[in-house]
Amino acid sequence: MDPLAVPDESVAALERVAAEARTYLESLAKEPVRSPHSDEAAERFGGPLPDQGAGTLATIDELLGQGMEAHVRSAGPRFFHWVIGGATPASLAADWVASLLDQNAGGWDASPLAARLEDVSIGWLLELFDLPSTWSGVLTTGATTANFAGLAAARQWWGEEHGVDVSDAGLAGLPQVPVLSSRFIHISALKALAMLGVGRDRVTDCSGADGSFDLQALQAALKTLDGAPAIVVANAGEVNAGHFDPIRQVTEIAREHRAWIHVDGAFGLFARLSPRTAGLADGVELADSVISDGHKWLNVPYDSGFAFVRDPAYLRAAFAAGAAYLPEARDERPVFGFMGPELSRRARSLAVWATLRAYGRHGYRAIVERCLDNAAHLARLVEEADDTELLLPAPLNIVFFRYRPPDVPEEELDELNLRIEEEILRDGRVYVGTTHWAGVVGFRPAFVNWRTTQADAELVLETVRDLGSRLRASRPRAAPTPRGA
């Protein structure tokens, strides 16, 4: 069916979506996070490609019918799996505007609006995170591409230290790029190193017993390079328990040894918004590149991230692109398609600008501190309960704990907690998963959603304990030992 051969149904289709949005947004805090029939509902989509098509309204009705049962309410207040935020009202509406306008945010000539709002948003984000105003940056799809951009700038610097423009000449003939980090390094940074040809398995581990940087080990590893340039990746917010590398000390040591300092702050960078936690991310301002996610604590719709650099010339060199039909980059009007991996770019700046314009510095500090309070409240409840155990301190927004009834042997606890996780994902009251860290399996609810309340945090523990007790009650009891045996 040719859409031009029928009356334009764009407005009617959008009205259907808007009508669904009214009831859906009200359901976020009430309905199960995931339907018990979501797998079956998702499988209903498929079949051969239709010849004629079902038409606009019928298709949207199908999506809003079967699709709603198949999705996960990850934007709601009781979703704690991975580290996923929601969408503030301003960012959600602005994201709809981005789809309505359908801009390519590659540069000013393609969309003065998207380019200007990205420029403004980068400046506002630098203010929000208390980073130098002389820095620059680019919006990306998320932490993976932000790490890719920041580490591409680092690789460009490293090549120039060897007298080579690696973006033009490649890495052939050069020594291996030395990368040093701790066990806190995230898989997105490792993936970026793989895509950059540096290698995910080439990272030198400079960790101490707790997984964070051992400063003496870092110092020793850098000394063995005998003055050769290196890249150091520090981590603001480890993903299992929210812990931090000692960033200031790491940067000071790296500065003494001709190293580029990259900080992965996918969610931990937001610690700088509150005086209560700013010390955890102290020293980030000394780095050469820093990244964070927008669809985590900024609470803008997927997908959104940002990479900041001290010297944008390295970004422009790494991602330069030129053709007769493309505009030339000018300092007063940056071409963001020449500062990141994508030339064709969604206008993510509309949602980022709108949420910062709507709620400002104080609004975001309130969101962060509410999440801090929720995490601290859950950690206290875990410590007070007689059948749960806080496995590590919770300095930020992740609470690493496990269900541990006193009569369950240690060797059975990992399996028990994994079984509880399976039940939680089917149960629907909350959505939270496990991880394996510090030698044990535990839950790791992450608090970043602007809607989450203290009652939602309490429901996490209530659900874990309830399902844990049910599993134990349903477990076959061992037969009693006969007397005299």
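Report follows, based on the coordinates. In this text, all values refer to a predicted model and were calculated from it rather than measured experimentally.

Quick notes on the rules
Residues numbered from 1 in each chain as written. Predicted model: local features only at pLDDT ≥ 70, side-chain atom pairs only at ≥ 80, totals over all residues. Heavy atoms only, no water. Pairing = 2+ DSSP bridges. Helix = DSSP H or I, 4+ residues; strand = E, 2+ residues; numbered from the N terminus. Axes fitted to C-alpha atoms, helices over the stretch in contact; angles between N-to-C directions. Contact = heavy atoms within 4.5 Å. Expected span 1.5 Å × (residues − 1). Buried < 20%, exposed > 50% of the residue type's maximum accessible area, 1.4 Å probe, protein only. Arc of directions from axis to C-beta. Parallel < 35°, antiparallel > 145°, perpendicular 65-115°, else oblique. Left-handed = near helix turned anticlockwise from the far one by under 90°. Nonpolar A, V, L, I, M, F, W, Y, C, P; charged D, E, K, R; others polar. Core = buried A, V, L, I, M, F, W, Y, C linked by side-chain atoms within 4.5 Å. Phe/Tyr/Trp six-rings, centres within 6.5 Å; stacked < 30°, edge-to-face > 60°. Patch = residues over 30% accessible without salt bridge, like charges linked within 9 Å, V, L, I, M, F, W, Y side chains within 5 Å. Areas by Shrake-Rupley, 256 points an atom, 1.4 Å probe, with all protein chains shown as cover. Salt bridge = Lys/Arg side-chain N within 4 Å of Asp/Glu carboxyl O. Lys, Arg positive; Asp, Glu negative; His and termini not counted. Charge placed at Lys NZ, Arg CZ, Asp CG, Glu CD.

Turning our eyes to something else, we now look at the sheet that holds strand β1 (residues 136-140). Taken in spatial order, the seven strands make up an open sheet running β1-β7-β6-β5-β4-β2-β3, and their pairing is mixed. The outermost strands of the open sheet, each flanked by one partner alone, are β1 and β3 (203-205). Here the average twist between neighbouring strands, direction ignored, is 20°. Across the sheet, helix α6 (residues 143-161) lies against β1, β4 (230-235), β5 (259-264), β6 (289-293) and β7 (305-309), angled at about 175° from β5, the strand it touches most.

Looking now at helix α13 (residues 410-427). Because an α-helix packs 3.6 residues into every turn, residues spaced three or four apart end up facing the same way. Taking 1.5 Å of rise per residue, 18 residues should cover 26 Å, and α13 covers 26 Å from first to last C-alpha, within 8% of that figure. Buried within α13 we find Leu413, Leu416, Asn417, Ile420, Glu421 and Ile424. In an axial view of α13, the angular spread of the buried residues amounts to 150°, which keeps them on one side of the axis. Residues Glu411 and Glu415 are exposed on α13 and point more than 90 degrees away from its buried face. In this structure, the buried side of α13 is in contact with β9 (401-403), β10 (434-437), β11 (440-443) and α14 (454-474). Where α13 ends, the next residue or the one after it, glycine 428, has phi of about 95°, a positive value.

The next thing to look at is unusual backbone geometry. The omega torsion of the bond from tyrosine 302 to aspartate 303 falls at 0°, within 30 degrees of zero and hence cis. Structurally, aspartate 303 can be placed in the loop between β6 and β7. For aspartate 102, which is not a glycine, the phi torsion comes out positive at approximately 50°. Within the fold, aspartate 102 resides in the loop between α4 (89-101) and α5 (112-128). Using a relative accessible area of 65% as the deciding quantity, one classes aspartate 102 as exposed. Of note, the phi angle at aspartate 226 is positive, near 55°, even though the residue is not glycine.

Locating aspartate 466 in the fold gives a position in helix α14. Look at aspartate 466 and you get partly exposed, because its relative accessible area is 21%. Sequence separation between aspartate 466 and leucine 193 is 273 residues; the distance between their C-alpha atoms is 43 Å.

We now examine the packing of helix α9 (residues 215-223) against helix α10 (residues 247-255). The packing of two helices is summarised by the inter-axis angle and the distance between the axes. Relative to each other, α9 and α10 sit at 20°, their axes nearing to 10 Å. In terms of axis orientation, α9 runs roughly parallel to α10. By crossing handedness, the relation of α9 to α10 is classed as right-handed. Contact residues: α9 offers Leu215, Leu218, Gln219 and Leu222, while α10 offers Gln249, Val250, Ile253 and Ala254. Grouping the constituent residues of the contact of α9 with α10 by class yields six nonpolar, two polar and no charged.

It is characteristic of soluble globular proteins that their nonpolar side chains tend to be buried jointly. In this structure, Leu125, Phe129, Trp297, Leu298 and Phe308 are the most contacted members of the largest nonpolar core, which totals 77 residues. The element that contributes the greatest number of residues to this core is helix α12 (residues 349-384), accounting for 12 residues. With near-sequence residues (within four places) excluded, leucine 125 lies in contact with Leu139, Leu298, Phe306, Phe308, Val352 and Leu356. Leu190, Leu196, Trp260 and Ala318 belong to the second largest nonpolar core, which has 35 residues in total.

Moving on, we come to the packing of aromatic side chains. Summed over the entire model, instances satisfying the criterion amount to 14 aromatic pairs. A centroid spacing of 5.1 Å and a plane angle of 15° characterise the contact between phenylalanine 79 and tyrosine 431, whose relative ring orientation is stacked. Taken together, the positions of phenylalanine 79 in the loop between α3 (56-70) and α4 and tyrosine 431 in the loop between α13 and β10 put the pair 352 residues apart, joining distant regions of the chain. Neither phenylalanine 79 nor tyrosine 431 differs from the other in exposure class; each is buried. Each ring, one from tryptophan 260 and one from tyrosine 314, has its centre 5.6 Å from the other, and the planes form 85°; the classification is edge-to-face. Here tryptophan 260 is found in strand β5, whereas its partner tyrosine 314 is found in helix α11 (residues 312-318), with 54 residues between them in sequence. For the pair formed by tryptophan 260 and tyrosine 314, the shared burial category is buried.

The grouping of Glu160, Asp165, Asp168 and Asp311 at the surface amounts to a negative patch. Tracing the backbone shows aspartate 165 in the loop between α6 and α7 (166-169). Taking the relative accessible area as the measure of exposure, aspartate 165 reaches 32% and is therefore partly exposed.

On to the packing of α12 against α14. Relative to each other, α12 and α14 sit at 35°, their axes nearing to 9 Å. The hand of the α12/α14 crossing is right-handed. Contacts from Asn374, His377, Leu378, Leu381 and Val382 of α12 reach α14 at Gln454, Ala457, Glu458, Val460 and Leu461. Its residues placed into classes, the contact of α12 with α14 shows six nonpolar, three polar and one charged.

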